[in-house]
Protein chains: 2
Amino acid sequence: MNDLILRSIRGEKIDRFPVWLMRQAGRYMPQYRELREKERDFVSFYKNVDLSVKASLLPLELLEVDALIIFSDILVPLEPMGVEVRFEEGEGPKLYWDGNFKSLKRISYEDTSFVLEIIRGVKASQSEVPVIGFCGGPFTLLSYMLDGSPHKGLRNTKLCLWSGECKQALGLLVENLVEYVKGQILAGVDLIQVFDSWVLHLSYEDFEDYANVYLKDFIKSIKEFNVPVIYFFRGSGSFLKALKDLPADCISVDWTVDIVESMEVYSHAFQGNLDPYVLYADLETIRRKTLDLLRCIPRKTRYVFNLGHGLMPDMELEKVKYLVQVVKSYRIA
Amino acid sequence: MNDLILRSIRGEKIDRFPVWLMRQAGRYMPQYRELREKERDFVSFYKNVDLSVKASLLPLELLEVDALIIFSDILVPLEPMGVEVRFEEGEGPKLYWDGNFKSLKRISYEDTSFVLEIIRGVKASQSEVPVIGFCGGPFTLLSYMLDGSPHKGLRNTKLCLWSGECKQALGLLVENLVEYVKGQILAGVDLIQVFDSWVLHLSYEDFEDYANVYLKDFIKSIKEFNVPVIYFFRGSGSFLKALKDLPADCISVDWTVDIVESMEVYSHAFQGNLDPYVLYADLETIRRKTLDLLRCIPRKTRYVFNLGHGLMPDMELEKVKYLVQVVKSYRIA
C-alpha cells in the first residue's frame, strides 16, 4: 500500500508530499455526475452502498491521489439522533426536528450501518491507498441543527450558545460522534478527518468557550482508537493559536494562515492551505501557486497537500488532475 | 467639544471608553428610513446634501455617541473614475464600466463636491463631537469593480491579481483615494476611517502581496494630512499580524481577534471587536458580552468601542441605544 500520507503525518522520511483533495469525488467530475443520476435525491444516493463505494473510488483512478475519503455526508449521524435531513434539488440540506434538545437520542454506530458497509466496500475494492473516514465537528453539527445554513452568520446558534442552553446538546454530540467514529474505525478506515467549517463565524472568545472545549474532549476520545486524526476548520488564521494543545495528529488549514510561521511553531502535522480558487486560474498559475506553497513548507515531512476547502462543482476535472500531478512531481530536496 | 475619541486614540488619560458604531445611521433606525423615503434610489439619497447631513446627525441625538461619521458610500470616488454605480431596490450595488483599466480616470476631490458639502453641513450643524470621514481600502474598491459582490469569493479579483494585471489599477486607486481623503480633510473631518471589508477573502500571502503593499502606501500618504487614521478590516484574526508596521493610528478589528493579546503586542490604538450579533440577543446578554469585552481591555486608554462590523437593518434601535449606554456607563478603574 502507498502509505505516504500516514508516513508524512507520522513524520517519517518522504521524498514527495502526499496529496488528496477535499470533495475529490464531487459534481465537478462527469463520472460522479453519471453515478449521481442513478438516485433521485442526495440522501438516497449517500445511503446507496454500491453507488457510494463507486463514488469514493473515482479519485483513485481519475486523479491518482494518495488517499481516498469515503463518500458520505457530515449530517449522517444526525438522523438516528432524531433530526431528519432532506436535500432539495440544487439547494443545501434542510433539517427537520422538534427543536427540543431533550428529545435528541444517543446513537449506536449500527444505526448508520450503510456507512460501515461503504467503508468495507472501499477497503475490499482496493488496497492501493489509505481510506479516510470522517465526521463533522460538534460545533458545526450544532449550527446545522440550529441555523440550517451559515448564510445568516449563525444567528440562532450564537443566541443559543450565549443563553447557556446548548451545553448538553454539545455534550451529546460529542458522545454520539465518538460512537460514530468508532464504528468507522472498526469497519477499517485508516485515518479520521473532522470537518469544522462553520467555526469561521465565531468570535475568538466564543470559539474558545463553545467550540474548542468540546473539540478537545472529542479529539482526545477518538485518539484512543489509535488512528491518526486530522482536524479541518475554516477561520484558520484566527483560531489556530487556540489549537496548540489540540490532541489531533494533523491540522488542516484554510488559506488565511501563514503556514510557514505556523509549522515552525506547532508540533502537529499540517494539511491544506492552498486557496481553492487557484483552480479557476490557468495551468501556469495553478503550477506557480502550488509550487510556491510547496517550496515554502519549512519541513521535509509532516505535511499533506490539500486545498484550504473543498473542490467546487464548476471546477474543471483536467485542472484538478493537473494540480495533483504538479504536487506529485515536486521532489523534497 | 467632546473629544474623547481623539484623546483615547492619542493615548491620553480618559475615564471611560469612547463609543460610536459602524453604520450607526442606517435602516435599523425608523428616523433614517423616514429620511431615506424622500429619495427613490440610494445614489440620489447619498448625493442629496441636505438629507445626508440629516442622516449623519441622527446618531448624535438618538444614540448619544461620541463621534459622527458622514453619511456616504465607499463607492462614491469610483464614479468620477468612470465606473457608474446603481443600487436596485433591496439589492447591493451594481457597477457598470468597460472593464478596461486604461480608461479609468484620475480624479480631483472637487469631482465629488457633494461629499465636501455634507462634511461642511455636519460640522456647521453641531460642534459637540468629532466627525469621521471615510473611504474604502484600495483592495476592497478593486474587488467591487471586478466582482460586484463578495458572495462568489472574489473569483474575478483573484484571477486578475494572480495575472499581474491589477497593479496599475491598484496604484491609481491609491492616488485617487489620497485625493478623495484630502478633500474630506480640507472640508473639516476630524478623523478618517478606511473600510477594507473584503480582504477577508484573501489568502495570507495574497493579502501581503496585493492588499497590504498598497495599503501601507495609501495610509502613509494620508497620514501626511495630520488627521488620525483608523483602518477597519474583516479577517482581522488572520491578517492583523501583517499590520504591525501599518502607519495608521488605530486598527479596527472584527470579532475573530483575541484583542487582549493583540493590544499587548501592538502600539496602535484599537477599535471594535464585539460580535454585532450580540445585538440580536436580550438586554442582559448585550450587557454581559459588552462588559466582558470592556473589562478585558488591557489598557486604560487607546481603545474605542465599536462593533466588529456594521449594524444590520433588522437590529432594534432600543437595543442599540442600550448598548451605547452600557459602554458609556463603564468607568475605567
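Residues numbered from 1 in each chain as written. Chains lettered and ligands numbered in written order. Predicted model: local features only at pLDDT ≥ 70, side-chain atom pairs only at ≥ 80, totals over all residues. Heavy atoms only, no water.

1. Focus on the overall build of chain A
Reasoning step 1: Helix and strand content of chain A: 14 helices and 9 strands.
Reasoning step 2: Relative to the globule expectation of 20 Å for 333 residues, the C-alpha radius of gyration of chain A, 19 Å, shows essentially globular dimensions.
Reasoning step 3: Once the C-alpha set of chain A is aligned to its principal axes, its extents read approximately 55 × 45 × 35 Å.
Reasoning step 4: Out of the 333 residues in chain A, the part that is buried amounts to 63%.
Reasoning step 5: Looking at chain A alone, contacts between residues at least 24 apart form 73% of all its contacts between residues at least 6 apart.
Reasoning step 6: Across chain A, the 41 positively charged side chains and the 47 negatively charged ones have centroids separated by 3 Å. (Helix = DSSP H or I, 4+ residues; strand = E, 2+ residues; numbered from the N terminus. Rg over C-alpha atoms; globule rule 2.2 N^0.38 Å. Buried < 20%, exposed > 50% of the residue type's maximum accessible area, 1.4 Å probe, protein only. Contact = heavy atoms within 4.5 Å. Lys, Arg positive; Asp, Glu negative; His and termini not counted. Charge placed at Lys NZ, Arg CZ, Asp CG, Glu CD.)

2. Side note on the UniProt feature "domain: Uroporphyrinogen decarboxylase (URO-D)" (unreviewed entry) in chain A
Residues and elements named next belong to chain A.
Reasoning step 1: Per the UniProt annotation, the sites labelled "domain: Uroporphyrinogen decarboxylase (URO-D)" (unreviewed entry) are residues 18–27 and 132–148.
Reasoning step 2: With 0% helix and 0% strand, residues 18–27 has its two end C-alpha atoms placed 23 Å apart.
Reasoning step 3: For residues 132–148, the helix share is 59%, the strand share is 29%, and the end-to-end C-alpha distance is 26 Å. (UniProt positions renumbered as here; feature names shortened; annotations may be inferred.)

3. With respect to the sheet that holds strand 8 (residues 269–272) of chain A
Residue and element names in this part refer to chain A.
Reasoning step 1: Here we have 7 strands laid out as an open sheet, ordered 1-4-5-6-7-8-9, and parallel in their pairing. Among the strands making up the open sheet, the edge pair consists of strand 1 (68–69) and strand 9 (303–304).
Reasoning step 2: Pairing of strand 4 (residues 131–136) with strand 5 (residues 191–196) involves 5 bridges; the strand directions are parallel. Directly across from glycine 136, in strand 5, lies its bridge partner phenylalanine 195.
Reasoning step 3: Along the sheet, helix 9 (residues 167–187) contacts strand 4 and strand 5; its crossing angle with strand 4, the most-contacted strand, is approximately 165 degrees. (Pairing = 2+ DSSP bridges. Axes fitted to C-alpha atoms, helices over the stretch in contact; angles between N-to-C directions.)

4. Considerations on unusual backbone geometry
Residue and element names in this part refer to chain A.
Reasoning step 1: Even without being glycine, leucine 154 reaches a positive phi, approximately 60 degrees.
Reasoning step 2: With respect to the secondary-structure elements, leucine 154 resides in the loop between helix 7 (138–147) and helix 8 (155–163).
Reasoning step 3: For arginine 302, which is not glycine, the phi dihedral falls at a positive 65 degrees.
Reasoning step 4: One can find arginine 302 in the loop between helix 13 (283–296) and strand 9.

5. Here we look at the nonpolar core
Reasoning step 1: Ranked by size, the top nonpolar core spans 282 residues in total, and within it A:Phe101, A:Tyr231, A:Tyr303, A:Phe305, B:Tyr231, B:Tyr303 and B:Phe305 carry the most contacts.
Reasoning step 2: Not counting residues within four places of it along the chain, the set of residues in contact with B:Phe305 comprises B:Pro18, B:Val19, B:Trp20, B:Leu21, B:Gly272, B:Leu274, B:Thr290, B:Leu293, B:Leu294, B:Leu323 and B:Val327. (Core = buried A, V, L, I, M, F, W, Y, C linked by side-chain atoms within 4.5 Å.)

6. Quick notes on the relation of the copies chain A and chain B
Reasoning step 1: For the match of chain A to chain B, the screw axis carries a shift of 0.0 Å, the RMSD comes to 0.0 Å, and the turn is 180 degrees. The symmetry that links the two subunits is that of a two-fold axis. If distances are taken from each C-alpha of chain A to the rotation axis, the shortest is found for A:Ser238, at 2.5 Å.
Reasoning step 2: A share of 100% of the interface residues of chain A reappears at the interface of chain B, consistent with the copies meeting face to face through the same patch. (Least-squares fit on C-alpha atoms with pLDDT ≥ 70 in both.)

7. Quick look at the confidence of the model for chain A
Reasoning step 1: Predicted confidence across chain A gives a mean pLDDT of 97, with 100% of residues reaching 70 or more.
Reasoning step 2: As a predicted assembly, this complex carries a pTM of 0.97 together with an ipTM value of 0.95. (pLDDT = per-residue confidence, 0-100.)

8. Topic: helix 7 (residues 138–147) of chain B
Reasoning step 1: Burial analysis of helix 7 of chain B places 10 of its 10 residues in the buried class, the great majority of the element.
Reasoning step 2: For helix 7 of chain B, the full list of buried residues reads B:Pro138, B:Phe139, B:Thr140, B:Leu141, B:Leu142, B:Ser143, B:Tyr144, B:Met145, B:Leu146 and B:Asp147.

9. Some words on the packing of helix 6 (residues 113–125) of chain A against helix 9 of chain A
All names here are of chain A.
Reasoning step 1: Taken N-terminus to C-terminus, the directions of helix 6 and helix 9 make an angle of 30 degrees; their axes are 9 Å apart at the nearest point. What the angle tells us is that helix 6 and helix 9 run roughly parallel. For the pair helix 6 and helix 9, the sense of crossing is right-handed. Residue-level contacts link Val115, Leu116, Ile119 and Arg120 of helix 6 to Tyr180, Gly183, Gln184 and Ala187 of helix 9.
Reasoning step 2: Here the residues of the contact of helix 6 with helix 9 sort into 5 nonpolar, 2 polar and 1 charged. (Parallel < 35°, antiparallel > 145°, perpendicular 65-115°, else oblique. Left-handed = near helix turned anticlockwise from the far one by under 90°. Nonpolar A, V, L, I, M, F, W, Y, C, P; charged D, E, K, R; others polar.)

10. Brief notes about the interface of chain A and chain B
By a widely used convention, the size of an interface equals the accessible area lost when the partners come together.
Reasoning step 1: Counting from both sides, the interface comprises 30 residues of chain A and, opposite them, 30 residues of chain B.
Reasoning step 2: Interface area, chain A with chain B, both sides summed: about 2,700 Å², of which 50% is carbon and sulfur.
Reasoning step 3: Considering only the side of chain A, the residues that lose the most area to chain B are A:Arg155, A:Trp162 and A:Tyr277, jointly responsible for 24% of the buried surface there.
Reasoning step 4: At the boundary of chain A with chain B, the tally comes to 12 salt bridges.
Reasoning step 5: Among the ionic pairs, A:Glu205 bridges to B:Lys289, the shortest N-O distance being 3.1 Å.
Reasoning step 6: In this assembly, chain A and chain B are joined by 22 residue pairs in polar contact (both at pLDDT 80 or more).
Reasoning step 7: At the level of elements, helix 8, helix 10 (204–223), helix 11 (236–239) and helix 13 of chain A are the ones that each hand at least two residues to the side of chain A that touches chain B. (Buried area = accessible area lost by both parts, 1.4 Å probe. Salt bridge = Lys/Arg side-chain N within 4 Å of Asp/Glu carboxyl O. Polar contact = N/O pair within 3.5 Å; in protein donor to acceptor, adjacent residues only side chain to side chain.)

11. Remarks on the packing of aromatic side chains
Reasoning step 1: Taken as a whole and judged by the stated rule, the model has 38 aromatic pairs over all chains.
Reasoning step 2: Here the aromatic rings of A:Phe134 and A:Phe195 are separated by 5.4 Å at their centres, their planes lie at 80 degrees, and the arrangement is edge-to-face. Placement of A:Phe134 in strand 4 and of A:Phe195 in strand 5 is noted, with a sequence separation of 61 residues between them.
Reasoning step 3: According to the relative accessible area criterion, A:Phe134 is buried, its value standing at 7%.
Reasoning step 4: Judged by its relative accessible area of 14%, A:Phe195 falls in the buried class.
Reasoning step 5: Considering the side-chain rings of B:Tyr204 and B:Phe239, the 6.3 Å spacing of their centres and the 35 degrees angle between planes classify their relative orientation as tilted. Taken together, the positions of B:Tyr204 in helix 10 (residues 204–223) and B:Phe239 in helix 11 (residues 236–239) put the pair 35 residues apart, joining distant regions of the chain. Both residues of the pair, B:Tyr204 and B:Phe239, belong to the buried class.
Reasoning step 6: One aromatic cluster in this structure is built from A:Tyr32, A:Phe42, A:Phe45, A:Tyr46, A:Phe71, A:Phe87 and A:Phe114.
Reasoning step 7: Across the ring face of A:Tyr96, the terminal group of A:Arg86 is positioned such that the distance to the ring centre comes to 4.1 Å.
Reasoning step 8: A:Arg155 extends its terminal NZ or CZ atom over the ring of B:Tyr280, reaching a point 3.7 Å from the ring centre. (Phe/Tyr/Trp six-rings, centres within 6.5 Å; stacked < 30°, edge-to-face > 60°. Lys NZ or Arg CZ within 6 Å of the ring centre and 35° of its normal.)

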